[in-house]
Amino acid sequence: MAGAVKVASLFSSLLLLLCWCVQASSSNIMSDIETASCKDTPGQAPCCSEAERLQRVVAELSLTVAALSERLRTLEDKSAKGPATDPAAAQAKEQPSAAGATATDPAAAEGTDPPEPIAVDKSKYTELLLGCGSKWEKRIPTLGTLEWRNLVTLDYNDDHNPNVVWDLTQLPLPFADNSFDEIHAYEVLEHTGQQGDWKFFFRQWSEFWRILKPGGVVAGTCPDRTSPWAWGDPSHTRIVQPENFVFLSQREYATQVGKTPMSDFRFVYQADFDFVWHTLDGSSFRFVLEAVKPSRLHAADPTKPKTAYSAAVIGLAQWLRQSNQT
């Protein structure tokens, strides 16, 4: 549209110039005709050939002005209608993945209806690695192993060849409910959201809860709040610390609200997690949360202690005991 406006402006300037030329030529013609009439002498051809020539020039200029005017109107009509849409460009960017998923262009989903869920084989034990980058190692041994099972990778940069291309700040996430057994996010969450943006915090964790199967886990790492990297990295937009995760448990709300300074966010947050394990070593904050489904928000006794854990959590506990970690 900007190009059309520039061209239209150029044609307008040219049109004004040609109109000036027409007016000047018309004035010269009248003067020449009068001069030629006054200088006619017997035995000589009438001195009107110059006037006729100028009349022809004027006629040609008039046709040019008419053509330019028509072209200008066409450009103005196109500018008013906006740029043409390329049907191919309007389609979402897609590529097949090794785990049966499909990469989706986040720009196509922004400001539109929720994307079509990406198909994941729910009959298999499936893990999702968020912000995978080019380093796809498993750092927290859920299930007691550092080996992946049916891994699906996600990153906003397709240079890393992830299975799914997506910006984590664009919610909802492009997966169906109950798609994954595990979600892993290593040095990722501190790059999303803003410090104090509670609405995004609860929307993001509600999405993790939605796409996890019952008993599914979120395992991740973030900089320890005492680490110089926590705020030293200019791309970090928030600190993630253990106290944040208290607000993800419906059991904690039922236990603490009205008795401690804990704020009540149950009016916007209906998901439910148990904060089952974490470590802080001055450099890294490692954590695991388990999705509680159905949520205890409306349970008869949401404070009832948990009596069973998922295979991922049990496997982690066994691995930690064997390696003498806590």
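These notes cover the structure that comes with them.

Calculation rules
Each chain carries its own residue numbering, running from 1 in the direction its sequence is written. Where totals are concerned, whole chains, interfaces and linings use all residues; where local detail is concerned, this predicted model gives features only for residues with pLDDT of at least 70, and gives and counts side-chain atom pairs only at 80 or more. Each side-chain value is worked out from all heavy atoms of the structure, with water and hydrogens disregarded. Think of it this way: any DSSP run of H or I at least four residues long counts as a helix, any run of E at least two long counts as a strand, and we number them from the N terminus. The buried label goes to any residue with under 20% of its type's maximum accessible area, the exposed label to any with over 50%, and the partly exposed label to all in between, with areas taken from a 1.4 Å probe on protein chains only. The contact criterion used is simple: two residues touch if any of their non-hydrogen atoms lie within 4.5 Å. Here the accessible surface of atoms and residues is derived via Shrake-Rupley with a 1.4 Å probe, and residues count as covered only by protein chains that are part of the display. When DSSP finds two or more bridges between two strands, those strands count as paired. Each salt bridge in this description consists of a side-chain nitrogen of Lys or Arg and a carboxyl oxygen of Asp or Glu lying within 4 Å of one another.

Within the protein chain, the regular secondary structure consists of nine helices and seven strands. The buried share of the protein chain, reckoned over its 326 residues, is 39%. Intrachain contacts of the protein chain at a sequence separation of at least 6 include 68% that bridge at least 24 residues. Of the roughly 18100 Å² of accessible surface on the protein chain, 55% is carried by carbon and sulfur atoms.

It is worth spelling out the side chain of Asp 181 at this point. Secondary-structure assignment places Asp 181 in strand β4 (residues 180-186). The exposure class assigned to Asp 181 is buried, which follows from its relative accessible area of 14%.

Let us now look at the sheet that holds β4. Read from one edge of the open sheet, seven strands run β3-β2-β1-β4-β5-β7-β6, paired in mixed fashion. Both edges of this open sheet fall to β3 (164-165) and β6 (273-280), since each of them pairs with a single strand only. By the bridge criterion, two bridges tie strand β2 (residues 151-155) to β3 in an arrangement that is parallel. Across the sheet, Asp 155 pairs through a bridge with Val 165, a residue of β3.

Applying the stated criterion across every chain, the model contains 13 salt bridges. Linking Glu 127 and Lys 138 is a salt bridge whose minimum nitrogen-to-oxygen distance equals 2.9 Å. Remark: Lys 138 occurs in the loop between β1 (127-130) and β2 and Glu 127 occurs in strand β1; sequence separation between them is 11 residues. Residue classification places Glu 127 among the buried residues on the basis of a relative accessible area of 0%. The class for Lys 138 is buried, based on a relative accessible area of 5%. Across the pair Glu 137 and Arg 139 runs a salt bridge whose closest N-O atoms are separated by 3.6 Å. If you follow the salt bridges from partner to partner, you end up with Asp 272, Asp 274, Glu 290, Arg 296 and Lys 306 in one network.

What follows concerns the environment of Ile 140. On the secondary structure map, Ile 140 appears in the loop between β1 and β2. The sequence separation of Ile 140 and Thr 221 amounts to 81 residues, and the corresponding C-alpha distance is 8.8 Å. Excluding residues within four positions of it along the chain, Ile 140 makes contact with Thr 145, Leu 146, His 184, Tyr 186, Ala 219, Gly 220, Thr 221, Trp 277, Arg 286, Phe 287, Val 288 and Leu 316.

A separate point is unusual backbone geometry. With the exception of glycine, the majority of residues adopt a negative phi angle, and the majority of peptide bonds are in the trans configuration. Of note, the bond from Leu 171 into Pro 172 is cis; its omega dihedral lies within 30 degrees of zero at 10°. Within the secondary structure, Pro 172 is located in the loop between β3 and β4. Residue Pro 294 follows Lys 293 across a cis peptide bond; omega there is 0°. Examined against the element boundaries, Pro 294 turns out to sit in the loop between β7 (284-291) and α9 (311-322). We note that Asn 161 has phi near 55°; this positive angle belongs to a residue other than glycine. Summarising the element assignment, Asn 161 is placed in the loop between β2 and β3. Of note, the phi angle at Asn 178 is positive, near 55°, even though the residue is not glycine.

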